[in-house]
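# Structural overview
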Amino acid sequence: MARGKTILTVAVFAAFCLALAYWWSIRVGLPLTGTKPWWYGKEAYVRTQVIEEGRTVPTVSMRLPKGLMDTMVALGTDAQVHVEGDRAAVGILDTKISRTIHLRDVWKDIQRLPEGQKLKFEEEGATVYVWIEVGPQTDAALPEAAPNDSAAGTTTP
C-alpha cells in the first residue's frame, strides 16, 4: 500500500513539473522552430536603448540578463522601461514619469531576432532599439554622438 502511494506521489509530481514547464515555455514565448535560437545556452543579455525626440544619443541605455526578462514576462509582471528626461526606472511605477516603453508587447519579436540584428520601434515619441547580445559588457551606443550635440555627456543616475 505504501509503495503504491509513493508511486502515485512521484507520478503526480512529475506531471505537475511537466505542466509547469509547458506553461513556462508558453508564457516566455520561446521560438517554436526546429532549431535552437542562437542565444540558447549562452550568457545572454537584453540590451535596450531609448532615444528621445530631438536627441542623437540614447537617453536610456541598459543591459539586463535575459533570464530576468524571461521571468518578468512569464510571471506576468509589467516589463516596462520608464523614462523622464535623464532618469529611468525599470519595472517600478512612478507617477512623474513622462514615457513608458512596454517591452512585453514585443518580447516574442525580440527573441526571434537573428544574431546582431536590432529591433527598432517608435513608442510615445521615442525611438527604441532592443536586441539580444551575448558575452561581456560592450559599448554599443546608438547612434554615434555628434561633437556639438547638447545631449552628449549627460548621464543617467
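Since the structure is predicted, the reported quantities are computational estimates derived from the model, not experimental observations. (Residues numbered from 1 in each chain as written. Predicted model: local features only at pLDDT ≥ 70, side-chain atom pairs only at ≥ 80, totals over all residues. Heavy atoms only, no water.)

## Observations concerning the overall build of the protein
We apply this condition: Secondary structure counts use DSSP, requiring at least four H or I residues in a row for a helix and at least two E residues in a row for a strand, with both numbered from the N terminus. Here the term buried applies to any residue with accessible area under 20% of the maximum for its type, exposed to any over 50%, and partly exposed to those in between, with areas from a 1.4 Å probe on protein chains only. Under the convention used here, a 1.4 Å probe and the Shrake-Rupley method define accessible areas, while residue burial counts only the protein chains that appear.
Scanning the protein for helices and strands turns up 3 helices and 7 strands. In the protein, the succession of helices and strands from N to C terminus is α-β-β-α-β-β-β-α-β-β. Residues classed as buried in the protein amount to 36% of the 157 residues present. For the protein, the accessible area works out to roughly 9,800 Å², and carbon and sulfur atoms hold 60% of it.

## Focus: the confidence of the model for the protein
This is how it is decided: The predictor's confidence in any single residue is recorded as pLDDT, a number from 0 to 100. Should any heavy atoms of two residues lie within 4.5 Å, those residues are considered in contact.
On average, residues of the protein score 74 in pLDDT, and 70% of them are at 70 or above. Low pLDDT, under 50, characterises residues 93-97; the stretch is placed with 8 contacts to residues that sit more than four places away or in other chains. Contacts for the low-pLDDT stretch residues 141-157, under 50 throughout, to residues beyond four places or in other chains number 28 contacts.

## Here's the deal with the nonpolar core
Heads up, the condition is: Remark: nonpolar core denotes a set of buried residues (Ala, Val, Leu, Ile, Met, Phe, Trp, Tyr, Cys) joined through side-chain atoms within 4.5 Å.
By size, the foremost hydrophobic cluster in this structure holds 28 residues, and its most contacted members are M69, I101, L103, I110, F121 and V130. Looking at this core, the elements with two or more residues in it are β1 (44-52), β2 (60-65), α2 (66-74), α3 (107-111), β6 (119-123) and β7 (126-134). With 6 residues, β7 is the largest single contributor of residues to this core.

## Some words on α2
Owing to its 3.6 residues per turn, the α-helix aligns residues three or four sequence positions apart on the same side. Restricting attention to buried positions, one finds in α2 the residues K66, M69, D70, M72, V73 and A74. Phi turns positive, to about 85°, at G76, one or two residues after α2.

## Details of the environment of K66
Tracing the backbone through its elements, the reader meets K66 in helix α2. Setting aside residues up to four positions removed in sequence, K66 forms contacts with W39, A44, Y45, V46, W107, Q111 and I132.

## Re the sheet that holds β6
Sheet strands associate in pairs through backbone hydrogen bonding, adopting either a parallel or an antiparallel arrangement. Put simply, the test is: In short, DSSP must find at least two bridges between two strands for them to pair. Think of each axis as a best-fit line through the C-alpha atoms, taken over the contacting stretch in the case of a helix, with angles from 0 to 180 degrees between the N-to-C directions.
Sheet architecture is open: 4 strands sit in the order β2-β1-β7-β6, paired in antiparallel fashion. Looking at the sheet topology across the chains shown, the edges are occupied by β2 and β6. Strand-to-strand, the axes of this sheet are offset by a mean angle of 20°, without reference to chain direction. Bridge count for β6 against β7 is 5 bridges, and the pairing is antiparallel. Looking across to β7, one finds that E122 is bridged to T127. Here α2 sits on the sheet and contacts β1, β2 and β7; the angle it forms with β2, its principal contact strand, is near 85°.

## Quick look at the side chain of K66
Short version of the rule: Two N or O atoms form a polar contact when they lie within 3.5 Å of each other; inside protein one atom must be a possible hydrogen donor and the other a possible acceptor, and for residues adjacent in sequence the pair counts only when both atoms belong to side chains.
Under the relative-accessibility criterion, K66 is labelled buried at 3%. Reaching out from K66, the side chain makes a polar contact with the side chain of Q111 at a distance of 2.8 Å.

## Quick word on the pattern of salt bridges
Defined as follows: Salt bridges are identified by distance alone: a Lys or Arg side-chain nitrogen within 4 Å of an Asp or Glu carboxyl oxygen.
Within this structure, the stated rule accounts for 3 salt bridges. R47 is paired through a salt bridge with E133; the nearest N and O atoms lie 3.5 Å apart. One end of the pair, R47, is in strand β1; the other, E133, is in strand β7, and 86 residues separate them in sequence. E133 carries the same exposure label as R47, and that label is buried.

## What about the packing of aromatic side chains?
Counted only if it meets this: Only centres within 6.5 Å qualify two rings of Phe, Tyr or Trp (six-membered ring in Trp) as a pair; their planes then separate them into stacked at under 30 degrees, edge-to-face at over 60, and tilted for everything else. Placement of a charge over a ring requires the Lys NZ or Arg CZ to be within 6 Å of the ring centre, with the centre-to-atom vector within 35 degrees of the ring normal.
This structure, assessed with the given rule, holds 0 aromatic pairs. Note that R63 overlies the ring of Y45, its terminal NZ or CZ placed 3.8 Å from the centroid. Seen from the ring of W131, K118 lies directly overhead, with NZ or CZ sitting 4.7 Å from the centre.

## A short note on the environment of V60
Its place among the elements puts V60 in strand β2. Distance in space between the C-alpha atoms of V60 and V50 is 5.1 Å, their sequence separation being 10 residues.

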